Amino acid sequence: MSLQDTKDRLQKLQMKHATTQLDRLAEAALEQDMTCLEFLDKILRSEIEHRQEKKCASQLKQAGFPYISSLDDFDFQFQRSVTKRQLQSLLDFEWIERAYNVVFLGPPGVGKTHLAVALGIAAVTSGYKVSFVTMAELIKLLKTEEMLRKSRQRLKRLLASDLAIVDEIGFLPITKQESNMLFQIVAEFYEKKSMIITSNKGFDEWPEFTGDPVITTAILDRLVHHSDLFSMQGESYRLHHRNSILTSK
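Looking now at the packing of helix α3 (residues 36–63) against helix α6 (residues 112–125). For the pair α3 and α6, interaxial distance at closest approach is 9 Å and the crossing angle is 150°. For the crossing formed where α3 meets α6, the hand is right-handed. Residues C56, Q59 and L60 of α3 pack against I121, V124 and T125 of α6. Its residues assigned to classes, the contact of α3 with α6 shows four nonpolar, two polar and no charged.

This is the structure we're talking about:
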């Protein structure tokens, strides 16, 4: 039996990556004097790792992140109201397993979205299904669900996610009808799946932009019941660095 025969069999098993890597793996097996089982393990590992990488890349794309970020590139020296240790403690994702939420509150520019995205990307690489959406996008999806197939599909994916990230709650006021829509999403996730929420408003300010204190109480009751809350303060990172650039000219 030739190496090509083995490649043909791998192709029939739809092990495309292993097929392309077989020559290299066979050479390594000879050089390292591998046993038959070790060689087989190498082939299977190569295929599994490739499929996991492809799945992760696909999940990252479908999640809808606005950009790629990590905890390593967050400036914890500039933003001292949270610590790297606090955020790293969330990377075991026990909170997702227990359907807990994470809430970032604070003024614009302090890094809420960066941290939300970083946790979301880390969750995807750990095998969780994640969806990212801004509050404005979410309301638009909910209002066009019955009219647009694309909206229905995206909402279906969001509701099927292990973790939903809703960014920028409070930047724009919403109607009572829209508040009810937000409540339906929060209620759907409550004690079943996790959410990450970012908001530039303190909880005491939420009734002002929702226009309905009763619904607001119901939303917050479900969001905060099982949650880790991070209250972020300080100067806007973007404005600080913009001013630094301008003054250095």
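Here the narrative resumes, following the displayed structure.
Here we take up unusual backbone geometry. In this model, D33 sits at a positive phi of 50°, which is unusual for a non-glycine residue. Here the phi dihedral of A99 falls at roughly 60°; this positive angle occurs in a residue that is not glycine. Residue placement: A99 occurs in the loop between α5 (94–97) and β1 (101–105). Residue classification places A99 among the buried positions, given a relative accessible area of 7%.

A separate point is the pattern of salt bridges. Taken as a whole, this structure holds six salt bridges when the rule is applied. Residues D41 and R45 are paired through a salt bridge, measuring 2.7 Å at the closest nitrogen-oxygen approach. Of the two residues, D41 and R45 both sit in helix α3, four residues apart, roughly one turn of that helix. Residue class for D41 comes out partly exposed when judged on its relative accessible area of 35%. Taking the shortest distance from any N to any O, the salt bridge between E94 and R98 comes out at 3.5 Å.

Within the largest apolar cluster, 32 residues are counted, with the highest numbers of intra-cluster contacts made by F65, L87, F104, L115 and I196. A total of nine residues in this core trace back to one element, the largest contributor, which is α6. Excluding residues within four positions of it along the chain, L87 makes contact with L71, F76, V82, F104, L115, L119 and F230. By size, the runner-up hydrophobic cluster in this structure holds 29 residues, among which are L138, F183, M195 and L220.

With that settled, the discussion passes to the packing of aromatic side chains. Inspection of the entire model under this criterion finds seven aromatic pairs. Consider the rings of F203 and W206, whose centres lie 5.6 Å apart with planes at 75°: the pair is edge-to-face. Ring-pair connections join several aromatic residues into one group, and the members of that group are F93, W95 and Y128. For R222, the ring lying beneath its charged end belongs to Y190, and the centroid distance is 5.9 Å.

A word on the side chain of H226. Positionally, H226 belongs in the loop between α11 (213–225) and β5 (227–231). There is a polar contact of 3.0 Å between the side chain of H226 and the side chain of E191. Separated by 3.3 Å, the side chains of H226 and H225 make a polar contact. Non-local contacts of H226, meaning those with residues more than four positions away in its chain, are made with Y100, N101 and E191.

Moving on, we come to the side chain of S46. Within the fold, S46 resides in helix α3. We classify S46 as buried; its relative accessible area is 11%. In this structure S46 touches H17, Q21 and L25, once residues within four positions along its chain are discounted.

With that settled, the discussion passes to α3. The end-to-end C-alpha distance of α3 is 40 Å, a good match for the 40 Å that 28 residues give at a rise of 1.5 Å each. Looking only at α3, the buried set comprises I43, S46, E47, C56, Q59 and A63. Where α3 ends, the next residue or the one after it, G64, has phi of about 85°, a positive value.

Moving on: the environment of K55. On the secondary structure map, K55 appears in helix α3. Through-space distance from the C-alpha of K55 to that of A99 is 23 Å; in sequence the pair is 44 residues apart.

Another point: a nonpolar patch on the surface. Side chains of L37, L40, L44 and I48 sit close together on the surface and give an oily, nonpolar patch of about 390 Å² of accessible area. Overall, L40 belongs to the partly exposed group, its relative accessible area being 43%.

Cut-off values and rules
- Residues numbered from 1 in each chain as written.
- Predicted model: local features only at pLDDT ≥ 70, side-chain atom pairs only at ≥ 80, totals over all residues.
- Heavy atoms only, no water.
- Axes fitted to C-alpha atoms, helices over the stretch in contact; angles between N-to-C directions.
- Helix = DSSP H or I, 4+ residues; strand = E, 2+ residues; numbered from the N terminus.
- Left-handed = near helix turned anticlockwise from the far one by under 90°.
- Contact = heavy atoms within 4.5 Å.
- Nonpolar A, V, L, I, M, F, W, Y, C, P; charged D, E, K, R; others polar.
- Buried < 20%, exposed > 50% of the residue type's maximum accessible area, 1.4 Å probe, protein only.
- Salt bridge = Lys/Arg side-chain N within 4 Å of Asp/Glu carboxyl O.
- Core = buried A, V, L, I, M, F, W, Y, C linked by side-chain atoms within 4.5 Å.
- Phe/Tyr/Trp six-rings, centres within 6.5 Å; stacked < 30°, edge-to-face > 60°.
- Lys NZ or Arg CZ within 6 Å of the ring centre and 35° of its normal.
- Polar contact = N/O pair within 3.5 Å; in protein donor to acceptor, adjacent residues only side chain to side chain.
- Expected span 1.5 Å × (residues − 1).
- Patch = residues over 30% accessible without salt bridge, like charges linked within 9 Å, V, L, I, M, F, W, Y side chains within 5 Å.
- Areas by Shrake-Rupley, 256 points an atom, 1.4 Å probe, with all protein chains shown as cover.

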